[in-house]
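Summary of structural features
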Amino acid sequence: MSTNDWILLVIAVVVALVVVAVLVWTLRNRRAERRRAEAERLRRSVEENRPGVEQRAASAERTEAEARRAAAEAEAKAAEAERLRARSEDERRTAEAARAELDERRRRAEELDPRAAEGADRGDHRGESTPGTAGSPTSNSVPGGEGRIGEVGGAGAHRNDQDFRR
(Lines give C-alpha, C1' and ligand atoms only; values in the text may rest on other atoms or scores of the structure.)
Protein backbone atom coordinates (compact mmCIF):
# COMPACT_ATOMS: atom_id res chain seq x y z
CA MET A 1 0.00 0.00 0.00
CA SER A 2 1.17 3.30 -0.90
CA THR A 3 1.49 6.28 1.29
CA ASN A 4 -1.51 7.90 -0.32
CA ASP A 5 -3.60 4.87 0.48
CA TRP A 6 -2.49 5.05 4.06
CA ILE A 7 -3.30 8.72 4.27
CA LEU A 8 -6.69 8.17 2.71
CA LEU A 9 -7.34 5.30 5.12
CA VAL A 10 -6.38 7.42 8.12
CA ILE A 11 -8.51 10.29 6.85
CA ALA A 12 -11.44 7.88 6.32
CA VAL A 13 -11.02 6.50 9.86
CA VAL A 14 -10.80 10.00 11.32
CA VAL A 15 -13.87 11.08 9.34
CA ALA A 16 -15.71 7.96 10.48
CA LEU A 17 -14.73 8.66 14.09
CA VAL A 18 -15.86 12.27 13.76
CA VAL A 19 -19.16 11.13 12.23
CA VAL A 20 -19.65 8.61 15.07
CA ALA A 21 -18.76 11.27 17.65
CA VAL A 22 -21.22 13.69 16.06
CA LEU A 23 -23.91 10.99 16.05
CA VAL A 24 -23.26 10.16 19.74
CA TRP A 25 -23.23 13.82 20.67
CA THR A 26 -26.50 14.41 18.74
CA LEU A 27 -28.17 11.40 20.35
CA ARG A 28 -27.07 12.53 23.80
CA ASN A 29 -28.36 16.05 23.19
CA ARG A 30 -31.70 14.69 21.96
CA ARG A 31 -31.94 12.41 24.98
CA ALA A 32 -31.06 15.30 27.32
CA GLU A 33 -33.62 17.52 25.57
CA ARG A 34 -36.33 14.84 25.96
CA ARG A 35 -35.44 14.50 29.66
CA ARG A 36 -35.59 18.29 30.11
CA ALA A 37 -38.99 18.37 28.38
CA GLU A 38 -40.24 15.50 30.62
CA ALA A 39 -38.97 17.31 33.72
CA GLU A 40 -40.72 20.51 32.64
CA ARG A 41 -43.95 18.59 32.01
CA LEU A 42 -43.72 17.06 35.51
CA ARG A 43 -43.10 20.48 37.08
CA ARG A 44 -46.18 21.91 35.34
CA SER A 45 -48.21 18.92 36.54
CA VAL A 46 -46.99 19.48 40.10
CA GLU A 47 -47.96 23.14 39.95
CA GLU A 48 -51.38 22.27 38.50
CA ASN A 49 -52.09 19.69 41.22
CA ARG A 50 -50.72 21.70 44.16
CA PRO A 51 -53.99 23.61 44.91
CA GLY A 52 -55.97 20.34 45.09
CA VAL A 53 -53.44 18.77 47.43
CA GLU A 54 -53.39 21.88 49.60
CA GLN A 55 -57.20 21.81 49.71
CA ARG A 56 -57.14 18.18 50.83
CA ALA A 57 -54.55 19.01 53.50
CA ALA A 58 -56.67 21.92 54.75
CA SER A 59 -59.72 19.67 54.78
CA ALA A 60 -57.80 17.08 56.79
CA GLU A 61 -56.77 19.77 59.28
CA ARG A 62 -60.38 20.97 59.60
CA THR A 63 -61.55 17.40 60.16
CA GLU A 64 -58.85 16.86 62.77
CA ALA A 65 -59.89 20.08 64.55
CA GLU A 66 -63.51 18.94 64.45
CA ALA A 67 -62.49 15.57 65.90
CA ARG A 68 -60.59 17.30 68.72
CA ARG A 69 -63.60 19.53 69.40
CA ALA A 70 -65.95 16.53 69.45
CA ALA A 71 -63.60 14.67 71.79
CA ALA A 72 -63.48 17.70 74.10
CA GLU A 73 -67.29 17.90 74.04
CA ALA A 74 -67.52 14.19 74.80
CA GLU A 75 -65.14 14.61 77.73
CA ALA A 76 -67.17 17.56 79.00
CA LYS A 77 -70.40 15.59 78.66
CA ALA A 78 -68.85 12.62 80.46
CA ALA A 79 -67.71 14.93 83.26
CA GLU A 80 -71.20 16.47 83.42
CA ALA A 81 -72.76 13.01 83.51
CA GLU A 82 -70.44 12.00 86.35
CA ARG A 83 -71.25 15.21 88.22
CA LEU A 84 -74.98 14.61 87.78
CA ARG A 85 -74.61 10.98 88.85
CA ALA A 86 -72.78 12.07 92.00
CA ARG A 87 -75.42 14.73 92.66
CA SER A 88 -78.17 12.16 92.15
CA GLU A 89 -76.45 9.81 94.58
CA ASP A 90 -76.15 12.60 97.16
CA GLU A 91 -79.81 13.54 96.72
CA ARG A 92 -80.84 9.89 97.00
CA ARG A 93 -78.86 9.50 100.24
CA THR A 94 -80.35 12.74 101.57
CA ALA A 95 -83.86 11.58 100.67
CA GLU A 96 -83.28 8.20 102.31
CA ALA A 97 -81.97 9.89 105.45
CA ALA A 98 -84.97 12.24 105.50
CA ARG A 99 -87.33 9.31 104.95
CA ALA A 100 -85.69 7.39 107.81
CA GLU A 101 -85.98 10.45 110.04
CA LEU A 102 -89.67 10.84 109.13
CA ASP A 103 -90.29 7.15 109.80
CA GLU A 104 -88.63 7.55 113.19
CA ARG A 105 -90.79 10.60 113.95
CA ARG A 106 -93.91 8.72 112.88
CA ARG A 107 -92.96 5.80 115.13
CA ARG A 108 -92.28 8.21 118.01
CA ALA A 109 -95.61 10.00 117.39
CA GLU A 110 -97.46 6.69 117.43
CA GLU A 111 -95.71 5.76 120.69
CA LEU A 112 -96.83 9.06 122.23
CA ASP A 113 -100.39 9.10 120.82
CA PRO A 114 -102.89 7.52 123.26
CA ARG A 115 -105.21 6.71 120.33
CA ALA A 116 -102.45 4.63 118.74
CA ALA A 117 -102.11 2.66 121.98
CA GLU A 118 -105.90 1.97 122.00
CA GLY A 119 -105.70 0.74 118.40
CA ALA A 120 -102.82 -1.56 119.33
CA ASP A 121 -104.91 -2.97 122.20
CA ARG A 122 -107.75 -3.68 119.77
CA GLY A 123 -105.35 -5.33 117.31
CA ASP A 124 -105.55 -2.41 114.87
CA HIS A 125 -102.34 -2.23 112.85
CA ARG A 126 -101.62 1.22 111.44
CA GLY A 127 -99.59 0.01 108.45
CA GLU A 128 -102.52 -2.08 107.18
CA SER A 129 -105.47 -0.62 105.37
CA THR A 130 -108.62 -1.87 107.05
CA PRO A 131 -112.14 -0.59 106.52
CA GLY A 132 -112.61 2.66 108.37
CA THR A 133 -108.89 3.45 108.68
CA ALA A 134 -107.93 4.04 105.04
CA GLY A 135 -108.45 7.79 105.30
CA SER A 136 -107.50 8.26 108.96
CA PRO A 137 -104.96 10.99 109.78
CA THR A 138 -102.39 8.47 111.02
CA SER A 139 -102.69 6.12 108.06
CA ASN A 140 -99.48 5.36 106.20
CA SER A 141 -101.13 5.01 102.82
CA VAL A 142 -102.51 7.94 100.91
CA PRO A 143 -103.95 7.93 97.40
CA GLY A 144 -101.15 8.66 94.99
CA GLY A 145 -98.73 6.42 96.84
CA GLU A 146 -97.20 9.14 99.02
CA GLY A 147 -96.53 8.36 102.67
CA ARG A 148 -98.45 10.68 104.96
CA ILE A 149 -97.35 11.32 108.48
CA GLY A 150 -100.70 12.71 109.42
CA GLU A 151 -101.78 15.49 111.63
CA VAL A 152 -100.40 14.15 114.86
CA GLY A 153 -100.49 16.55 117.76
CA GLY A 154 -98.62 16.52 120.99
CA ALA A 155 -94.99 16.15 121.93
CA GLY A 156 -92.67 15.07 119.14
CA ALA A 157 -94.84 16.50 116.37
CA HIS A 158 -93.07 18.81 114.01
CA ARG A 159 -94.54 21.17 111.47
CA ASN A 160 -92.52 19.49 108.67
CA ASP A 161 -94.30 16.24 109.51
CA GLN A 162 -97.57 17.58 108.14
CA ASP A 163 -98.78 17.11 104.61
CA PHE A 164 -98.91 20.55 103.00
CA ARG A 165 -100.87 19.50 99.88
CA ARG A 166 -104.15 21.40 99.91
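All of these numbers come straight from a predicted model, not from anything done at the bench. Every chain's residues receive numbers from 1 upward, in the order its sequence appears when written. pLDDT decides what is reported in this predicted model: residues at 70 or higher carry local features, side-chain atom pairs at 80 or more are listed and counted, and totals for whole chains, interfaces and linings draw on all residues regardless. Each side-chain value is worked out from all heavy atoms of the structure, with water and hydrogens disregarded.

1. A word on the overall build of the protein chain
Helix and strand labels come from DSSP, where a helix needs a run of H or I of at least four residues and a strand needs a run of E of at least two; each type is numbered from the N terminus. Of regular secondary structure, the protein chain possesses 2 helices and 0 strands. Considering only contacts in the protein chain between residues 6 or more positions apart, those separated by 24 or more positions represent 32%. Working definition of accessibility: Shrake-Rupley area with a 1.4 Å probe, residue cover restricted to the visible protein chains. For the protein chain, the accessible area works out to roughly 13,700 Å², and carbon and sulfur atoms hold 56% of it. Residues are treated as being in contact if the distance between any of their heavy atoms lies within 4.5 Å.

2. Some details on the side chain of Asp113
In this structure, Asp113 sits in the loop between helix 1 (3-112) and helix 2 (114-121). Contacts described as polar in this section are N or O atom pairs within 3.5 Å, which, within protein, must combine one atom able to donate a hydrogen with one able to accept it, while residues neighboring in sequence count only if both atoms come from side chains. A distance of 3.1 Å separates a polar side-chain atom of Asp113 from the backbone nitrogen of Arg115.

3. Describing a nonpolar patch on the surface
A cluster of nonpolar side chains, Met1, Trp6, Leu9, Val13 and Leu17, forms an exposed patch at the surface whose accessible area comes to about 560 Å². Along the chain, the position of Leu9 falls in helix 1. A patch is a set of surface residues, each over 30% in relative accessible area and not in a salt bridge, joined within 9 Å for like charges and within 5 Å for the nonpolar side chains Val, Leu, Ile, Met, Phe, Trp and Tyr. Every case where a carboxyl oxygen of Asp or Glu lies within 4 Å of a side-chain nitrogen of Lys or Arg is listed as a salt bridge.

4. A few points about a positive patch on the surface
A cluster of basic residues, Arg28, Arg30, Arg31, Arg34 and Arg35, forms a positive patch at the surface. As for its placement among the helices and strands, Arg35 is situated in helix 1. In this tally, Asp and Glu contribute negative charge and Lys and Arg positive charge; neither His nor the terminal groups of the chain are included. A charged residue contributes its charge at one atom only: NZ of Lys, CZ of Arg, CG of Asp or CD of Glu.

5. Some points on the pattern of salt bridges
Summed over all chains, the structure comprises 19 salt bridges. Of the charged contacts in the structure, one is a salt bridge between Arg83 and Glu80, with a shortest N-O distance of 2.6 Å. Of the two residues, Arg83 and Glu80 both sit in helix 1, 3 residues apart, roughly one turn of that helix. Classification of residues uses two cut-offs on accessible area relative to the type maximum, computed with a 1.4 Å probe and protein chains only: under 20% is buried, over 50% is exposed, and between them is partly exposed. A residue is classified by how much of its surface remains accessible, and Arg83, at 43% relative accessible area, is partly exposed. When the shortest N-O distance is used, the salt bridge between Arg93 and Asp90 registers 2.5 Å. Of this pair, Arg93 and Asp90 both sit in helix 1, 3 residues apart, which is roughly one turn of that helix.

6. A closer look at the confidence of the model for the protein chain
Chain-level pLDDT for the protein chain is 80 on average; 69% of the residues reach the 70-or-more range. Scored between 0 and 100, pLDDT is the confidence that the predictor attaches to each residue. This model gives residues 126-166 a pLDDT under 50, and the stretch forms 48 contacts once residues within four places in sequence are excluded.

7. Comments concerning helix 1
Working rule for helices: expected span equals 1.5 Å times residues minus one. Helix length check: helix 1, at 110 residues, gives a terminal C-alpha distance of 156 Å against a target of 164 Å (1.5 Å per residue), a fit within 8%. At every residue, the bend is computed as the angle between two fitted axes, covering the seven residues ending there and the seven beginning there respectively. Of all the bends found along helix 1, the most pronounced is centred on Asn49 and spans about 40 degrees, while Pro51, a proline, follows it within four residues.

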